Structure formats: C-alpha cells, structure tokens
Amino acid sequence: MRPARQCAAVLLGLTVLTHSALARDDGRFANSPLKPWFESLHSEFGQCCSDADGYVIADVDWESDRGRYRVRIDEEWVVVPDGAVITVPNKIGRTMVWKHYVDGHPRVRCFMPGSMT
C-alpha cells in the first residue's frame, strides 16, 4: 500500500506543477492583478491568450542568437518568427510561449523572453 500512496503523491505533484505552468485562464486567476495584462498581450499573429495556451519555458528550452529566438516545444526546436516576439516589459520575468499547431508541428503564436536566471 505504501508504494501506491507514494505513486499517487508523485502524480498529484506532477499534475499541480503542470497546471501551474499554464497561462490559460480557467477562472482561477479571475481576481489576479495580472489578468488584464495577460489579456492585453498580442503579437502580429493576434491576441496571445485567445486561441493558444501559454506555458512557462525553462531556460534550457530556449535560446537567442543575434536577436533571433528558438524554443523547444514537444522535443522540436522551433524558430520564433520576429512578429511573435512580445516587446512590452515582462511583468512575470519568466520566459513564456503561446503555441499552436500546423500540420502536426508546433508553431509560435507569441513569445515573451524572460531574464534567463
């Protein structure tokens, strides 16, 4: 019974971590002072939070080279289009990406670089 309890605790922890990294508003953040800011974010491809889920990206999953960005989404490195880069100040300090899929491959709708700390 003890191993089952440990497994359940690990799965619960992973679920909490996974869902806390999402930027999609499912009602939990209705009273957050950052809610209007997140809703205002947009790129040349439209509103970031309208049709795509936002995720915090670990520093090892993105890189910058001469002003161009790449992110790793679903184990695939994706070049961030210039028009997808969010240029307003990053109020949360974490790197985030809003993705969608074209022909089964991830694409970047919006990208907000963080501080790489």
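The rules behind these values
- Residue indices begin from 1 for each chain and proceed along its sequence in written order.
- Totals for whole chains, interfaces and linings use every residue, but because this is a predicted model, local features are given only for residues with pLDDT of at least 70 and side-chain atom pairs only at 80 or more, for both listing and counting.
- Remark: hydrogens and water are excluded; side-chain values derive from all non-hydrogen atoms of the structure.
- A run of H or I in DSSP becomes a helix once it reaches four residues, and a run of E becomes a strand once it reaches two; helices and strands are each numbered from the N terminus.
- Note on exposure labels: buried denotes an accessible area under 20% of the residue type's maximum, exposed denotes more than 50%, and partly exposed covers the range between, all computed with a 1.4 Å probe on protein chains only.
- What makes two residues a contact is simply this: any of their non-hydrogen atoms within 4.5 Å.
- Each accessible area is a Shrake-Rupley result for a 1.4 Å probe, and residues are judged covered by the shown protein chains and nothing else.
- Working definition: a disulfide is two cysteine sulfur atoms within 2.5 Å of each other.
- When DSSP finds two or more bridges between a pair of strands, those strands are recorded as paired.
- Helix axes are fitted only over the stretch in contact, all axes being lines through C-alpha atoms; the angle between N-to-C directions runs from 0 to 180 degrees.
- The term polar contact refers here to a pair of N or O atoms within 3.5 Å; inside protein, the definition further demands a hydrogen-donor-capable atom paired with an acceptor-capable atom, and it admits residues adjacent in sequence only when both atoms are side-chain atoms.

Asks: Describe the overall build of the chain, with residues and values.
Replies: When you go through the chain residue by residue, the secondary structure sums to three helices and eight strands. The linear arrangement of helices and strands in the chain, starting from the amino end, is α-α-β-β-α-β-β-β-β-β-β. Counting every position in the chain, which comprises 117 residues, the buried fraction comes to 27%. The contacts of the chain with a sequence gap of at least 6 include a subset with a gap of at least 24, amounting to 62%. A total of about 7800 Å² of accessible surface is found on the chain, and carbon and sulfur atoms cover 56% of it.

Asks: Outline the state of the cysteines, supporting the account with residue identities and numerical values.
Replies: In total, this model carries one disulfide according to the counting rule given. The disulfide partner of Cys48 is Cys110, and the gap between their sulfur atoms is 2.1 Å. Since a negative S-S torsion denotes a left-handed disulfide, the Cys48-Cys110 link at about -95° is left-handed. Taken as a pair, Cys48 in helix 3 (residues 48-51) and Cys110 in strand 8 (residues 105-112) lie far apart in primary sequence, 62 residues in all. Summarising the burial analysis for this pair, Cys48 and Cys110 share the class buried.

Asks: Which residues make up the sheet that holds strand 7 (residues 96-102), and what values go with them?
Replies: An order of 3-7-8 is seen for the three strands of this open sheet, with the pairing classed as antiparallel. Looking along the sheet, the strands with just one partner apiece sit at the ends: strand 3 (53-56) and strand 8. This sheet shows a mean twist of 40° between the axes of neighbouring strands, independent of strand direction. Across four bridges, strand 3 lies against strand 7 in antiparallel orientation. Counterpart to Asp53 in the pairing with strand 7 is Lys99.

Asks: Let's hear about the side chain of Thr95: which residues, and what values?
Replies: Here Thr95 shows up in the loop between strand 6 (76-79) and strand 7. Thr95 gets classed as buried once you look at its relative accessible area, which sits at 3%. One polar contact links Thr95 to Trp62, side chain to side chain, over a distance of 3.1 Å. A distance of 2.8 Å separates a polar side-chain atom of Thr95 from the backbone nitrogen of Gly114. Contacts of Thr95, omitting those with residues within four sequence positions, involve Tyr55, Val56, Ile57, Asp59, Trp62, Phe111, Met112, Pro113 and Gly114.

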